[in-house]
Amino acid sequence: MRHPLVMGNWKLNGSTGMISTFIPALLAKLSEMKKCNLVIAPPLVYLHQVRSLLAGSVIRLGAQNVDIHPAGAFTGEISAEMLKDIGAKYIIIGHSERRSHHRESDEIIAKKFALLKAQDLIPVLCIGESEVENQAGETQGVCAKQLDAVLKTSGDKAFENAVIAYEPLWAIGSGKSATPAEAQRVHKFIRGHIAQKDANSAEKVVIQYGGSVSPANAAELFEQPDIDGALVGAASLKADEFAAIVKAAADAKRN
Ligand SMILES: O=C[C@H](O)COP(=O)(O)O
């Protein structure tokens, strides 16, 4: 049985002051949470502060990116080994904002995926189509191509101990989430695509939905059989809203 995973991606937001009030407030709201795994991915400079505040709690530490090199003369970069050293476990790669603003290709992302696995870290692989691709009926083809790059590099069992976040680009930060039925169709396709290579990892892999998840739409999304939690952007910066999304995931009764 898959436990839902809710992950907050703070993107380029946060400060030491915000963190010192946000984390205790969130922990207080989550005291009764049992069935949902929870991760926060702050900006890299705040990993240490967040780790200290999360010590002894159920919330795990995540990060938003990793470099493709293990070490060396790469100014400004952070390696998988460093992320492991600081205590981060779940590492987002392939977010559409990095694919577009930093021109990260499927091949670069597949390399990052392999580096994270080599360090026993959990890659959170973001995939998803643009609005144009969606309207052209290319959603499945785009997702398949993004998954195949990883399967080609890391093998048929690549998604053992990994997470996939399906994030349609048109839903990110737009206030317009995919409907639960739309998202479920794509999640089912993703699981089926992985099953063609390895049925066991397909059954176990956590597939999150991301894109304008809020307390208003979370419960319905989490009722879907192939939606295993969420990758949350804006709402993860508000303790009340994030806690409500986590509660919806913990309470979800799926068929
Ligand atoms: O990583 C998170 C996603 O990009 C979703 O962001 P959002 O919840 O602000 O739409």
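As the structure is a computational prediction, the values presented were derived from the model and not from experiment.

What follows deals with the UniProt feature "active site" (unreviewed entry) in the protein. Under the UniProt annotation, "active site" (unreviewed entry) lies at H95 and E167. Taken together, the annotated residues stretch across 73 residues yet fold into one region, lying no more than 8.4 Å apart by C-alpha. Apart from the residues within four sequence positions on either side, H95 is in contact with N9, K11, C126, E167 and I172. One can find E167 in the loop between β6 (163-166) and α8 (180-195). Given a relative accessible area of 6%, E167 falls into the buried group. Excluding residues that lie within four positions of it along the chain, E167 makes contacts with H95, C126, I127, G128, E129, I172, G210, G211 and L231.

Turning our eyes to something else, we now look at the UniProt feature "binding site: substrate" (unreviewed entry) in the protein. As recorded in UniProt, the feature "binding site: substrate" (unreviewed entry) lies at N9, W10, K11, G173 and S212. Judged by maximum C-alpha separation, these annotated positions cover 204 residues in sequence but sit close together in space, the widest gap being only 14.0 Å. Residue placement: W10 occurs in the loop between β1 (5-9) and α1 (16-29). Tracing the chain through its elements places S212 in the loop between β7 (206-210) and α10 (218-222). Among residues more than four places away in sequence, those in contact with S212 are A171, I172, G173, S174, G175, K176, S177 and N217. At 3.4 Å, the side chain of S212 forms a polar contact with the backbone nitrogen of S174.

So, about the pattern of salt bridges. Counted under the stated rule, the structure contains 14 salt bridges. The salt bridge involving D251 is made with K247; its shortest N-O contact spans 2.7 Å. You can see D251 and its partner K247 sitting in helix α11 (residues 239-251), four residues apart, about one turn around the helix. Residues participating in the shared-partner salt-bridge network are R2, R191, E203, D226 and D228.

Strand order around the closed barrel formed by eight strands is β1-β2-β3-β4-β5-β6-β7-β8, with parallel pairing between neighbours. Recorded for the sheet is a direction-independent mean angle of 25° between the axes of neighbouring strands. As judged from the four bridges shared by strand β4 (residues 90-93) and strand β5 (residues 122-127), these two strands associate in the parallel manner. Across the sheet, I92 pairs through a bridge with V124, a residue of β5. The sheet strands contacting helix α7 (residues 139-154) are β5 and β6, and the helix crosses β5 at an angle near 150°.

Another point: the site of the ligand. Near the ligand there are 13 residues, and of these K11, H95, E167, G173 and S212 occur at the shortest range. Between an oxygen atom of the ligand and a side-chain N or O atom of K11, the distance comes to 2.8 Å. Separating an oxygen atom of the ligand from a backbone N or O atom of G233 is a distance of 2.9 Å. Taking 300 Å² as the accessible area of the ligand by itself, protein coverage stands at 96%. Among the residues making up the shell around the ligand, the classes are represented as five nonpolar, six polar and two charged.

Quick notes on the rules
Residues numbered from 1 in each chain as written. Predicted model: local features only at pLDDT ≥ 70, side-chain atom pairs only at ≥ 80, totals over all residues. Heavy atoms only, no water. UniProt positions renumbered as here; feature names shortened; annotations may be inferred. Contact = heavy atoms within 4.5 Å. Helix = DSSP H or I, 4+ residues; strand = E, 2+ residues; numbered from the N terminus. Buried < 20%, exposed > 50% of the residue type's maximum accessible area, 1.4 Å probe, protein only. Polar contact = N/O pair within 3.5 Å; in protein donor to acceptor, adjacent residues only side chain to side chain. Salt bridge = Lys/Arg side-chain N within 4 Å of Asp/Glu carboxyl O. Pairing = 2+ DSSP bridges. Axes fitted to C-alpha atoms, helices over the stretch in contact; angles between N-to-C directions. Near = heavy atom within 4 Å. Areas by Shrake-Rupley, 256 points an atom, 1.4 Å probe, with all protein chains shown as cover. Nonpolar A, V, L, I, M, F, W, Y, C, P; charged D, E, K, R; others polar.

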